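Given next are the chains, with one letter for each unit.
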Amino acid sequence: MRRHRSAALLVQTRLPVVLALTVFTIVLALPFAMAVLWSLVDPSHPWAYPAVLPPVLSFRRWIEIWTTSALPQALANSYLLAATVSVSTLLLALPTAYAFGRLQFPGKATAQMLTLIPLAMPGFVGAIFFSALLVRFGVYSRFAGIALGHTVIFLPYAIRLLSLSFAMVRQDLIDAARDLGASPLTVFRTATLPVLKPGLLAALIIVFILSIEEFAISYIVGAPDFTTVPTILYSYLGYNFIRPNAAAISLILVVPNVLLMLIAERLLKSADPATITGKG
Amino acid sequence: MPPHALTIDEASLSFGRFQALKSVSFAAEQGQLVTLLGPSGCGKTTLLKAIAGFLALDSGRIEIGGHDMTGIPPERRDTAMCFQSYALFPHLSVSDNIGFGLRQQRIGEAEIRSRVGTVAEQVSLVAQLAKLPGQLSGGQQQRVALARAMAVRPGIMLFDEPLSNLDAKLRDQVRMEIRALQRQHGFTAVYVTHDQSEALAMSDLVVVMRAGEIEQMGRPEDIYRQPKNRFVADFIGTANIMPVRVIGHDAASGLHHIESPLGRLTVRSEIAPVAKTIFACWRPEDAVLVAAGDETGPNRATLRVLSRTFLGSLCDLIVVTEGENPVSFRIQMHGFTPIAEGERITLSLKPEAIRFLGEAAE
Amino acid sequence: MSASFSVRPYLLLLPGLLPILAFMSLVIGMALSQSVGYFNFSGDSGFSLRFWHTVLSEQQFWRAFWYSARIALFSSLLSVALAYPVALWLRRPFAGSDLVSALIKAPILVHGLVAAFLYVNFISFQGFLNAALVHLGLVARPIRMQNDPYAIGVVILQVWKNMPFAFLILTGPVRAIGDDILDAARDLGAGAFARLRRVILPLTLRSLQAALILIFIGAAGDYSFQSVAGPTSLNSLAQYMVRIQQDNAGHGWNEAAVIAVMLMGLSLFGSAALAALIQFLLRRTGR
């Protein structure tokens, strides 16, 4: 009976876990390993069929990309843009998120639905006609144009994340603080901010990542003279497919964002009010 | 002789190191309502889930209608459960909820409709058939759960604390309804509860469990009158449990003489005491108030009233013995009793009201 | 709700909601007006249906339209079909389940263009897949798989990127189904398939539809996967729209606007039809 049960358990859990790990290796780990290898191929010793592994590995390709391509400029553009966008998005999202998270009013559900509309808009439709609008209104700064577009299309994410944070602030703590004679500032510092802070930081990071990754607006509004990391990657993937360069830029695009995302996730988990106030 | 409707034979089950069931055995006759009674963690719900088939036994067996259920999954067992949470399907109407089990049996649509109608009538839900569970009150949801289980006409009905989410008044009413339906339709039922009054009121057979083992089983009145040990005496009703020393036995009258915190007492018991020093118990309602100076009643003791609580139909008194080490007892008097706190009263206990428990003291 | 009507909540909504509504209505308004000849950047502006006529009578447009519709349909159905069983399997936690669900969600963190590159790199002439096939003796020489004419590569990429997303949407609702509900169904005689069809699927229908709709819209408007890994002989609608806008100097904007409106229509009605179909099928089979 016992043996039977553990055998069944094995089939039910272990086997799929092994299967999942295998699939993961094939669809994620191997391709990434390939990308790393390709970015390390020495330019003077090309990797060509039938060689199974690159003949010589070096960082020369990375140095070359950094010194000869528009990558440093694209990185600067992307990160400056992302910083601007995350701050402006958050500032705009805060009041609305507060209303969604802490107030009751007629039409709230409809308003919440309305904030989600940008998610249903095909990215390139938005990008092209947004660029038409920029022309019409005479906004010729690429940076300002892209920043404006990003701010609006990422507002839904920021509003949603911050509403959840605001909803987690406990009214009883606010009431208790006020009951004990705390000033509005003290109430905010003791009852609201600790709960809000992780959510704020997480929203900041997530909008930052979304902005760095955004392609449609950056490409349509920015091309050809304003490059961001995704548009430069796209240029290496298109008609002139330069594999080692694409490999290197892929890693530059993915690795920092994954690290940032892990931090954001940690923050969102710690935002549980129970862990902050010590009771559930 | 037909097989028992349900037989549990040395059932054992553990979760990791925790032994939830330790070689439990009992049997239920066709048409009986058996309650599994005990505090939380005693294994009663585990046993119910094992009967339904949600948990597999480590050893021992469960038979339903004479058939061994080992290895048979829940969907192929002839049981139907009323869940504590009701577990109604939120997306289905009351009528579809009740008909759910029948549809699994591939019964014709017309037959299903008529059987759903009949059961709905029995539990007075006809007006609610088109509603969704979310639109019903707690009591109505409870009845849908009951109707859904009854509709499949199972060999065994299983109840997992079905009344615990109802308020006190509704609980009494639904309890009576379940018992009436069970008697009327003659289905065999296993009923899990931690509420001893529910168990006493409903059961043909009460199985008292503690820590995965059966402490005692029997008819409600037998368990109440003659609890086997301190746990059962204390868990079922209220009991005054006291350590006593047996000092003699009079074969002619059948009376045992004991030394107790209430002084020297005589005890008439079919069960012989298992040791010289032993626990004995008596129920609060067995004490009779005797007028001061009246010397006729047996087993008289004089005590001081510590507190008095008027409960309407009865009066609850805490009384203490006088002397070096005061011992307190609880007694209940019917109706209004004009006794003040601090007053000294004399009580009398019939020899047959005092029960030896099967446990030696120390 | 307090008796006195307060404007404060609505004032607070303005900073967040106003930009969104302004942006959306201006963008959609711009597309709609340009499609019928208004707001031209060159030449006269004025109402005209000729751009609609030109685009809709273009063979290439319809090929792109149905191609995008097909990709969106396959991608959304496949992603959800793969994500659903996994969400069910991970309903109850077990040793290793956290790791598995983290791994499943990993592709969400990988940029679409990076995913496209990884895929192309994987299947290319010099890629791992070809190397493996040659070493296993399955083929004599590496085969060309890039930009396959059936757009299998695009669907693979869509599913690779969207299956985790569907998993993310479905996992909460699947976990929210109480054990008691499933136990009750079992107890009443429902086997694994009956439980899926009559309890689990109906209870998760809304999220199932949400996942299908969002993936459909994303895949219908795809540009990057198509241009990196898609068939060279075909255009997706978004690709076609960008091409027309850039190539056609005279009224590129107007024709691109027509395509944009059609793409929005496809996203809206296509995904709604898909959601309705799923609901209809479920109503038919399960009660």
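Residues numbered from 1 in each chain as written. Chains lettered and ligands numbered in written order. Predicted model: local features only at pLDDT ≥ 70, side-chain atom pairs only at ≥ 80, totals over all residues. Heavy atoms only, no water.

Caption draft 1: Region of interest: the sheet that holds strand β13 (residues 263–268) of chain B. Residue and element names in this part refer to chain B. Across the sheet, which stays open at both edges, the five strands sit in the order β13-β12-β11-β14-β20 with antiparallel pairing between neighbours. Unpaired on one side and paired on the other, β13 and β20 (355–360) mark the two borders of the sheet. Across the sheet, the mean angle separating the axes of adjacent strands is 45° when strand polarity is ignored. Pairing analysis gives six bridges linking strand β12 (residues 255–260) to β13, with the strands arranged antiparallel. Residue pairing in the sheet places S260 in a bridge with G263 of β13. (Pairing = 2+ DSSP bridges. Helix = DSSP H or I, 4+ residues; strand = E, 2+ residues; numbered from the N terminus. Axes fitted to C-alpha atoms, helices over the stretch in contact; angles between N-to-C directions.)

Caption draft 2: Representation of the sheet that holds strand β8 (residues 188–193) of chain B. Residues and elements named next belong to chain B. With respect to topology, six strands assemble into an open sheet ordered β6-β7-β8-β3-β9-β10, the strand pairing being mixed. The sheet terminates laterally at β6 (79–82) and β10 (213–218), the two strands that pair on one side only. Taken over all neighbouring pairs, the strand axes of this sheet differ in orientation by 20° on average, direction set aside. Pairing of strand β3 (residues 33–37) with strand β9 (residues 205–210) involves four bridges; the strand directions are parallel. Paired with L37 across the bridge in β9 is V208.

Caption draft 3: Quick look at a nonpolar patch on the surface. Taken together, the side chains of A:L116, A:L119, A:Y157, C:F165, C:L168 and C:L214 make up a nonpolar region of the molecular surface, amounting to roughly 450 Å² of accessible area. Position of C:L168 among the secondary structure elements: in helix α7 (residues 152–176). Of the residues examined, C:L168 reaches a relative accessible area of 41% and is grouped as partly exposed. (Patch = residues over 30% accessible without salt bridge, like charges linked within 9 Å, V, L, I, M, F, W, Y side chains within 5 Å. Areas by Shrake-Rupley, 256 points an atom, 1.4 Å probe, with all protein chains shown as cover. Salt bridge = Lys/Arg side-chain N within 4 Å of Asp/Glu carboxyl O. Buried < 20%, exposed > 50% of the residue type's maximum accessible area, 1.4 Å probe, protein only.)

Caption draft 4: Geometry of the packing of helix α8 (residues 179–187) of chain C against helix α9 (residues 192–203) of chain C. Residues and elements named next belong to chain C. Where α8 contacts α9, the two axes come as close as 10 Å, and the packing angle between them is 155°. Looking at the two axes, α8 sits roughly antiparallel to α9. Where α8 crosses over α9, the handedness of that crossing is right-handed. Contact residues: I181, L182, A185 and R186 in α8; R195, V199, I200 and L203 in α9. (Parallel < 35°, antiparallel > 145°, perpendicular 65-115°, else oblique. Left-handed = near helix turned anticlockwise from the far one by under 90°. Contact = heavy atoms within 4.5 Å.)

Caption draft 5: Spatial organisation of the interface of chain C and chain B. Every contact between the two is made by 18 residues of chain C and, on the other side, 24 residues of chain B. For the pairing of chain C and chain B, the buried interface totals around 2,000 Å² over both sides, and the portion due to carbon and sulfur atoms is 59%. Linking chain C to chain B there are two salt bridges. For C:R186, the salt bridge goes to B:E75, with nearest N and O atoms at 2.8 Å. The tally of links between chain C and chain B comes to five residue pairs in polar contact (both at pLDDT 80 or more). Of all elements in the fold, only α8 and α9 of chain C reach the threshold of two or more residues within the side of chain C that touches chain B. (Buried area = accessible area lost by both parts, 1.4 Å probe. Polar contact = N/O pair within 3.5 Å; in protein donor to acceptor, adjacent residues only side chain to side chain.)

Caption draft 6: Fine view of the pattern of salt bridges. In total, this model carries 25 salt bridges over all chains according to the counting rule given. A:D225 is paired through a salt bridge with A:R142; the nearest N and O atoms lie 3.2 Å apart. You can see A:D225 sitting in the loop between α9 (216–222) and α10 (229–237) and its partner A:R142 sitting in helix α6 (residues 142–168), a full 83 residues away along the chain. Overall, the relative accessible area of 55% leaves A:D225 in the exposed class. What makes A:R142 partly exposed here is its relative accessible area of 32%. C:D179 is the salt-bridge partner of C:R91, the closest N and O atoms lying 2.7 Å from each other. Here the residue C:R91 occupies a position in the loop between α3 (59–89) and α4 (97–105), and C:D179 occupies one in helix α8, the gap between them amounting to 88 residues. Taken together, the shared-partner salt bridges in this structure form one network comprising B:R61, B:E63 and B:D68.

Caption draft 7: View of the interface of chain A and chain C. Contact with chain A, which involves 73 residues of that partner, is made by 69 residues of chain C. For the pairing of chain A and chain C, the buried interface totals around 6,400 Å² over both sides, and the portion due to carbon and sulfur atoms is 81%. Taken together, the connections running from chain A to chain C amount to zero salt bridges. At the boundary of chain A with chain C, the tally comes to 13 residue pairs in polar contact (both at pLDDT 80 or more). Listed by contribution, the elements that provide at least two residues to the side of chain A that touches chain C are α1 (2–39), α3 (71–102), α4 (108–115), α5 (123–136), α6, α9, α10 and α11 (243–270) of chain A. A total of 16 residues in the side of chain A that touches chain C trace back to one element, the largest contributor, which is α1(A).

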